[in-house]
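# Structural overview for review
Listed below are the residues making up each chain.
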Amino acid sequence: MTSGQPSRHRARRRGRLLRTLLVLGTLAALGAVAVLVVPLLLPPGPRPPFQLPVACGETWQLGTYPGHDDYDVDLFPTEGEAWGRPVLASAAGTVTVAGINGSLGGRTPENPDGPRGRGGGYWVKIDHGGRWETQYLHLLEPPLVREGQRVAQGEQIGRLGSTGNSGAPHLHYEQRRGWDKVEAHFDGEPSGITHDDAEYTVRRTSNNCPG
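Residues numbered from 1 in each chain as written. Predicted model: local features only at pLDDT ≥ 70, side-chain atom pairs only at ≥ 80, totals over all residues. Heavy atoms only, no water.

## A short note on a nonpolar patch on the surface
Together, Leu-17, Leu-18, Leu-21, Val-23, Leu-24 and Leu-27 line one region of the surface with nonpolar side chains, adding up to about 620 Å² of accessible area. With respect to the helices and strands, the residue Leu-18 is situated in helix α1 (residues 5-41). (Patch = residues over 30% accessible without salt bridge, like charges linked within 9 Å, V, L, I, M, F, W, Y side chains within 5 Å. Areas by Shrake-Rupley, 256 points an atom, 1.4 Å probe, with all protein chains shown as cover. Salt bridge = Lys/Arg side-chain N within 4 Å of Asp/Glu carboxyl O. Helix = DSSP H or I, 4+ residues; strand = E, 2+ residues; numbered from the N terminus.)

Written out as structure tokens, the structure reads:
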């Protein structure tokens, strides 16, 4: 005959072990959440030295239209063929997205009036640090960069196209600070694209130059 005492000791040890593991798991989960959330709660850093996301010395038309959303910029070259033009990183940073937003559609240089897709088509997002981000949409083909890749200012990340919900080859571009879209600045100057109450355009010359 046994008293059952060893079994009770083992049960208590198992209970203490499970509680310890539960506490450790909770602390690990809270730590992981803090790593992800705390940086998002910090105030944004100073604005990076953004440049136009196109080749040095080129003049481009920047435009918007009703329903486009405040601060969204559509870029069209003022000279030469639009299809396939290099799209460059506005500032140094790390690629966080390089893929497809929505669906591609069927607009190509060979079939410019093909069916539209949805969303941004081929696109890229770059994290510039200090909670600053840029986005590049409607690229012609899969991006030339990959997620996690570090890119330099002026490095080519793709080619201009008309994938996604796009009526003609152009680059849809955004600058974001923290949670919010803001007026894009290029070479230290505001772009002039501030609202989508009416259709309007401005012209800017790129200083996204080597060195």
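## Digging into the pattern of salt bridges
Following the criterion strictly, the structure yields 6 salt bridges and no others. The shortest N-O distance in the salt bridge between Asp-72 and Lys-181 comes to 2.8 Å. Of this pair, Asp-72 sits in the loop between β1 (59-64) and β2 (73-77) while Lys-181 is found in strand β10 (residues 180-182), placing the two residues 109 residues apart along the sequence. Residue Lys-181 is classed as buried on the basis of its relative accessible area of 19%. Where Glu-133 meets Lys-125, a salt bridge forms, and the shortest distance between an N and an O atom there is 3.7 Å. Each of Asp-69, Asp-72 and Lys-181 takes part in one network of salt bridges that share partners. (Buried < 20%, exposed > 50% of the residue type's maximum accessible area, 1.4 Å probe, protein only.)

## Section: the layout of surface pockets
Of the voids in this model, the largest pocket is the one considered here, and its volume is about 430 Å³. Lining the largest pocket are 28 residues, with Tyr-65, His-68, Asp-74, His-170 and His-172 sitting closest to its centre. Looking at the lining of the largest pocket, the elements with two or more residues in it are β1, β2, β5 (118-129), β6 (132-139), β9 (171-177) and β13 (200-205). By residue class, the composition of the lining of the largest pocket is 6 nonpolar, 16 polar and 6 charged. (1 Å grid on protein atoms, 1.4 Å probe; cavity = no way out; pocket = protein on both sides within 12 Å on 5 of 7 lines; lining within 4 Å. Points joined across faces, edges and corners; volume = space filled by probe spheres on them. Nonpolar A, V, L, I, M, F, W, Y, C, P; charged D, E, K, R; others polar.)

## Here's the deal with unusual backbone geometry
A positive phi angle, close to 65°, is found at Arg-131, a residue other than glycine. With respect to the helices, strands and loops of the structure, Arg-131 is situated in the loop between β5 and β6. Positioned with a positive phi, His-138 is a non-glycine residue whose angle comes to about 70°. Tracing the backbone shows His-138 in strand β6.

## Structural notes on a positive patch on the surface
Together, Arg-10, Arg-12, Arg-13, Arg-14, Arg-16 and Arg-19 make up a region of like positive charge exposed at the surface. Here Arg-19 is to be found in helix α1. (Lys, Arg positive; Asp, Glu negative; His and termini not counted. Charge placed at Lys NZ, Arg CZ, Asp CG, Glu CD.)

## Describing the side chain of Glu-133
With respect to the secondary-structure elements, Glu-133 resides in strand β6. A polar atom in the side chain of Glu-133 sits 2.9 Å from the side chain of Gln-135. Residue contacts for Glu-133: discarding those within four places in its chain leaves Lys-125, Ile-126, His-128, Glu-174, Gln-175 and Arg-176. (Polar contact = N/O pair within 3.5 Å; in protein donor to acceptor, adjacent residues only side chain to side chain. Contact = heavy atoms within 4.5 Å.)

## Quick notes on the nonpolar core
With 30 residues, the main nonpolar core has Leu-62, Leu-75, Val-124, Ile-126, Tyr-136 and Ile-157 as its most contacted residues. Counting only elements with at least two residues in this core, the list comes to β1, β2, β5, β6, β9 and β13. Those residues in contact with Ile-126, other than ones at most four positions away along the chain, are Ala-89, Gly-93, Thr-94, Val-95, Thr-96, Trp-132, Glu-133, Thr-134, Tyr-136, Val-151 and Ile-157. (Core = buried A, V, L, I, M, F, W, Y, C linked by side-chain atoms within 4.5 Å.)

## What to know about the environment of Arg-107
With respect to the element layout, Arg-107 can be found in the loop between β4 (93-103) and β5. Along the backbone, Arg-107 and Ser-162 are 55 residues apart, and their C-alpha atoms lie at a distance of 6.0 Å. Not counting residues within four places of it along the chain, the set of residues in contact with Arg-107 comprises Trp-83, Pro-112, Asp-113, Gly-114, Pro-115, Arg-116, Ser-162, Ser-166, Gly-167 and Ala-168. Reaching out from Arg-107, the side chain makes a polar contact with the backbone oxygen of Gly-114 at a distance of 2.8 Å.

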